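Examining the three-dimensional arrangement
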Amino acid sequence: MQTDKLRTALVDDHPIVIEGLKTLLQNETNLEITSTFFKGEDFLSYIKVNQVDLVLLDVTLPDINGMDLCQMIKRESLSTIILILSNHTERSIIMQTIQNGASGYLLKNSSLDELRHCISEAVKGNICFSKEVTEIISRPSKNQLQDRPQLTRREKQILSLLAQGKTSQIIAEELFLSPLTVDTHRRNLIQKFSAKNVAELIMEANQLGLL
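Residues numbered from 1 in each chain as written. Predicted model: local features only at pLDDT ≥ 70, side-chain atom pairs only at ≥ 80, totals over all residues. Heavy atoms only, no water.

1. Focus: unusual backbone geometry
Here Phe176, not a glycine, exhibits a phi torsion of approximately 60°, which is positive. Tracing the backbone through its elements, the reader meets Phe176 in the loop between helix H9 (168–175) and helix H10 (179–192). For Phe176, a relative accessible area of 77% corresponds to the exposed category. Positive phi outside glycine occurs at Ser194, with the angle close to 55°. The exposure class of Ser194 is exposed, given its relative accessible area of 62%. (Helix = DSSP H or I, 4+ residues; strand = E, 2+ residues; numbered from the N terminus. Buried < 20%, exposed > 50% of the residue type's maximum accessible area, 1.4 Å probe, protein only.)

Okay, structure coming up:
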């Protein structure tokens, strides 16, 4: 995937959006738009017999809710990267798409640079949001403020470095700690946030405005 072009599909119920994305991305050297769809079911049928490396997906489709479609796509092709392009700004929708397998969420007014950045981060295995989406999920509600885990200064440092995608070894070197100590802090952070893994930890911390 790193040397070949990303086989990319566009799924949106508005033809003008599809055409706009095709024009916007036609000169990108790292991807090739191989298919476009207006309905989720049509894309699911396609992905059963064709490889898709990346799909840019809208939340609102005429047949399937985009949040549910994320799960369906992952069941058919776990390796397919899903990036949401939507006008929906509700925090609950944003977080549900991520929980259902999307690697990122951008609003349709995002810049090409933001889209490029999110594609690059998603290929690396990271979760990425456009600037405006990051601001939306970083505004905690009163209940979230009350439920914030209490972190030590060291845990805050390590959480920030984990969010930058750094490994335990690199974090240990930067903070002059042993990798074992960093791993212990990381396990404690995952437990405090009731997360399953580091990706979910970062997502929860982001949602609570801790990053």
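2. Description of the nonpolar core
Ranked by size, the top nonpolar core spans 30 residues in total, and within it Phe43, Val55, Leu57, Ile73 and Tyr105 carry the most contacts. Elements that contribute at least two residues to this core include exactly strand S1 (6–11), helix H2 (40–47), strand S3 (54–57), helix H3 (66–76), strand S4 (81–86), helix H4 (91–99), strand S5 (104–107) and helix H6 (131–137). Dropping the residues within four chain positions of it, Phe43 is found in contact with Ala9, Val11, Phe37, Val52, Val55 and Ile73. (Core = buried A, V, L, I, M, F, W, Y, C linked by side-chain atoms within 4.5 Å. Contact = heavy atoms within 4.5 Å.)

3. Overview of the sheet that holds S3
Spatially, S2-S1-S3-S4-S5-S6 is the arrangement adopted by the six strands of the open sheet, whose pairing is parallel. Of all strands in the sheet, those bounded by a partner on one side alone are strand S2 (31–37) and strand S6 (128–129). By the bridge criterion, six bridges tie S1 to S2 in an arrangement that is parallel. The residue bridging Val11 from the neighbouring strand is Phe37, located in S2. Lying over the sheet, helix H5 (residues 112–123) contacts S1, S2, S3, S4, S5 and S6, oriented at roughly 155° with respect to S4. (Pairing = 2+ DSSP bridges. Axes fitted to C-alpha atoms, helices over the stretch in contact; angles between N-to-C directions.)

4. What to know about H3
Among the residues making up H3, those that are buried are Gly66, Met67, Leu69, Cys70, Ile73 and Lys74. With its buried residues spanning 155° around the axis, H3 presents them on a single face. Structurally, H3 contributes buried residues whose contacts are with H2, S3, S4 and H4. One side-chain oxygen of the residue at the start of H3 lies 2.7 Å from the amide nitrogen of Met67, identifying that residue as Asn65. (Arc of directions from axis to C-beta. Polar contact = N/O pair within 3.5 Å; in protein donor to acceptor, adjacent residues only side chain to side chain.)

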